[in-house]
Amino acid sequence: LIRFLFSKARCMHRFILFLAVVAQVTAFHVPSPILTRSGAARTGAAISGWQAAPVSSRRLGTFKFNDVPSSRGLQTPLSLSMNGGPVDKKVLLLCGDFMEDSEAMVPFQGLLSHGIKVDAVCPGKKAGDTCRTAIHDFEGDQTYTEKPGHNFALNADFDRVSVAEYDAIVIPGGRSPEYLALDPKVIGLVQGFNSAGKVVASICHGQQILSAAGILAGRRCTAYPAVGPVCKAAGAVWVDPSPIDMAVTDGNLVTAAAWPGHPQFIAQIVAALGLKVEGVNGKRLLMLCGDYMEDYEAMVPFQVMTSFGYTVDTVCPGKTSADTCKTAVHDFEGDQTYSEKVGHNFALNADFAKVSPGSYDGLIVPGGRAPEYLALDPQVTGLVEAFAAQGKPIASICHGQQILAATNVLRGKTCTAYPAVGPACKLAGANWVEPNPISMAVTDGLLVTAAAWPGHPEFLSQLNRVMGVHVSAAGAAPRATPAGFSLY
């Protein structure tokens, strides 16, 4: 009897182990399309040249997220490579309450998009906590206005930071530097990075911290003009920020004057880390804008793709390069749907009426509230269909898929979007992928889609893959992109 019971127990143990393995495998089963660039037309596809290989059961290749749940917006640290192997660089982002909104998020997601790991910390806070941000903009007054921005989620603990673990520290501007500069732990941390010869990058008012740390003496630097006197008093060799979108590198020190300088700021940080971007080769992107597009979903793709070396033209129907678009800050703050606040004024740099799809290599469509009215404009839908017909990549995020759903671009394609846009995508004939996690993105042939701004790193990385652009260590052998390449 004992031998019989023991035998049954052993069988039951094996069965439980089998169920556990099945459950673990199933939990990570997220269908994802395979990117191909062959010329054959996909069965059921509305436009020739837009093809996807059969959907794979693997999870988005090397694009893996270590998700940090938050009730207020999800920034998720990314471990990815844009060149087939890990970039192996790690950056610390020094945050504080009322740092400038875009000066936190654009470097954070921009560096992630380059394959760099970024830890965001704040003194007195832990991973999962948030920092409130401020939107600083010029709206006709003698100095900048301030409006409430997004809630920025931290993903690491300040008290556990060790300089030895990182290759660089990045300091956003805004109002946080004026109080962080009084914190001995912050000063010691910045001095530690500088003494170790690691990259110290700071933008706008962030140089208040550098001045307090005593690391500017004899160094060329720029900053927001009002911070110039304190930089000079700290012994800096002052570089007047003209134009305002410039950045300056002096050895391990990278500085910029304000958020318009993000493209140069990020590009110089990447170079200082010993990385290089390959494959851009003069490529041009068009970004389709509209009033009350989501602030991050306009600013991050525009500035980050510019930092890679693309020329990005921003246009809006009925407007010219002399105009701006209002943006909206969409965030989750405890209500049943996202809240909305007024964002930055986004400057256009090209005329919609002069756009020719043949002059561009790809199209970016931000989300927010703009797509719901842009989808009614025949010029807009015609432009999108022209990009598809010419075999040009289209990247759309969040509510941007409302525009795609008003065309024949989604028919037979696998895509994701903000969940509320799912029904429209399905009605347009798309193969719907539930955005779980919200930070995911999906590539199907020449179509790249994402669900919301937490997905920017993966969204932009997948767009770069489609465009044949990658990041590698400086001095590494160039990676050729073979004709007819496949993502997997």
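Quick notes on the rules
Residues numbered from 1 in each chain as written. Predicted model: local features only at pLDDT ≥ 70, side-chain atom pairs only at ≥ 80, totals over all residues. Heavy atoms only, no water. Buried < 20%, exposed > 50% of the residue type's maximum accessible area, 1.4 Å probe, protein only. Helix = DSSP H or I, 4+ residues; strand = E, 2+ residues; numbered from the N terminus. Pairing = 2+ DSSP bridges. Axes fitted to C-alpha atoms, helices over the stretch in contact; angles between N-to-C directions. Contact = heavy atoms within 4.5 Å. Phe/Tyr/Trp six-rings, centres within 6.5 Å; stacked < 30°, edge-to-face > 60°. Lys NZ or Arg CZ within 6 Å of the ring centre and 35° of its normal. Salt bridge = Lys/Arg side-chain N within 4 Å of Asp/Glu carboxyl O. Expected span 1.5 Å × (residues − 1). Polar contact = N/O pair within 3.5 Å; in protein donor to acceptor, adjacent residues only side chain to side chain. pLDDT = per-residue confidence, 0-100. Parallel < 35°, antiparallel > 145°, perpendicular 65-115°, else oblique. Left-handed = near helix turned anticlockwise from the far one by under 90°. Nonpolar A, V, L, I, M, F, W, Y, C, P; charged D, E, K, R; others polar.

Draft legend 1. Inspection of helix α7 (residues 262–272) at higher detail. Every buried residue of α7 is accounted for by H262, P263, F265, I266, Q268, I269 and V270. Two residues or fewer past α7, G274 is found with a positive phi of approximately 80°.

Draft legend 2. Summary view of the sheet that holds strand β18 (residues 293–294). On the basis of which strands lie adjacent, the open sheet formed by three strands has the order β18-β20-β21 and mixed pairing. Each end of this open sheet is capped by a strand with a single partner; those strands are β18 and β21 (339–347). Pairing between strand β20 (residues 324–331) and β21: seven bridges, direction antiparallel. If you follow C325 over to β21, its bridge partner there is F346.

Draft legend 3. Highlighting the sheet that holds strand β5 (residues 90–94). The sheet built from six strands is open, its strands ordered β7-β5-β10-β11-β15-β14 with mixed pairing. The sheet is open, and its two borders are formed by β7 (117–121) and β14 (247–250), each paired with just one other strand. The average angle at which neighbouring strand axes cross in this sheet is 15°, direction not considered. The strands that helix α4 (residues 184–195) touches are β5, β10 (168–171) and β11 (199–203); relative to β10, the one it contacts most, it runs at about 135°.

Draft legend 4. The arrangement of the packing of aromatic side chains in detail. The full count for this structure, using the stated rule, is eight aromatic pairs. Seen in terms of ring centroids, F302 and F346 are 5.5 Å apart; in terms of plane orientation they differ by 75°. Their pairing is edge-to-face. You can see F302 sitting in helix α8 (residues 295–308) and its partner F346 sitting in strand β21, a full 44 residues away along the chain. The pair F302 / F346 is uniform in exposure class, with both members buried. One aromatic cluster is present, built from ring pairs that chain together F138, Y144 and Y224. It is K90 that lies over the ring of Y166; its NZ or CZ is 4.8 Å from the centre. Across the ring face of Y292, the terminal group of R369 is positioned such that the distance to the ring centre comes to 4.8 Å.

Draft legend 5. The arrangement of the pattern of salt bridges in detail. Counting across every chain of the model gives 14 salt bridges. The residue D119 makes a salt bridge to K90 at a minimum N-O spacing of 3.8 Å. Placement of the pair is D119 in strand β7 and K90 in strand β5, with a sequence separation of 29 residues. Between D351 and K354 there is a salt bridge, with the nearest N and O atoms lying 3.5 Å from each other. Judged by its relative accessible area of 69%, K354 falls in the exposed class. Each member of the salt-bridge network shares a partner with another, and the members are K90, K117, D119 and E165.

Draft legend 6. How the structure looks around the pairing of strand β27 (residues 447–450). Residues L447 and T449 line one face of β27 and the alternating positions V448 and A450 line the opposite face, and both faces are buried. Note that strand β23 (residues 394–397) and β27 share four bridges and pair parallel. If you follow A395 over to β27, its bridge partner there is V448. Sheet topology note: the strand β26 (residues 441–444)/β27 ladder contains four bridges and is antiparallel. Directly across from A441, in β27, lies its bridge partner A450. Counting the residues that bridge the hairpin from β26 to β27 gives two residues, and of these G445 lies at a positive phi of roughly 65°.

Draft legend 7. Up close: α4. The end-to-end C-alpha distance of α4 is 16 Å, a good match for the 16 Å that twelve residues give at a rise of 1.5 Å each. Buried positions along α4 lie against β5, β10, α3 (176–180), β11 and α5 (207–213). Where α4 starts, the residue carrying a side-chain oxygen 2.9 Å from the main-chain nitrogen of K185 turns out to be D183.

Draft legend 8. Examining unusual backbone geometry more closely. That bond from S242 to P243 is cis: its omega, 5°, falls within 30 degrees of zero. Note that P243 resides in the loop between β13 (237–238) and β14. The step from N436 to P437 runs through a cis peptide bond, and the omega angle for that step is 10°. The topology assignment puts P437 in the loop between β25 (431–432) and β26.

Draft legend 9. The confidence of the model for the chain, seen in detail. Per-residue confidence for the chain gives a mean pLDDT of 85; residues scoring 70 or more make up 80%. Scored below 50 in pLDDT, residues 16–85 makes 170 contacts in the model with residues more than four places away or belonging to other chains. Ignoring residues within four places in sequence, the model shows residues 478–488, a span with pLDDT below 50, making 21 contacts including any to other chains.

Draft legend 10. Just the environment of I171, in detail. With respect to the helices, strands and loops of the structure, I171 is situated in strand β10. We classify I171 as buried; its relative accessible area is 0%. Between the C-alpha atom of I171 and that of I203, which follows or precedes it by 32 residues, the distance is 6.5 Å. Not counting the four nearest positions on each side in its chain, I171 is found in contact with L94, V190, A201, S202, I203, G206, I209 and L210.

Draft legend 11. Structural context of the packing of α8 against helix α13 (residues 456–467). Running from N to C, α8 and α13 cross one another at 45°; their axes reach a closest spacing of 11 Å. Classed by the angle they form, the pair α8 and α13 counts as oblique. Where α8 crosses over α13, the two elements pack in a sense that is right-handed. On the side of α8, the interface is formed by Y296, E297, V300, P301, V304, M305 and F308, while α13 contributes H456, L460, L463 and N464. Its residues assigned to classes, the contact of α8 with α13 shows eight nonpolar, two polar and one charged.

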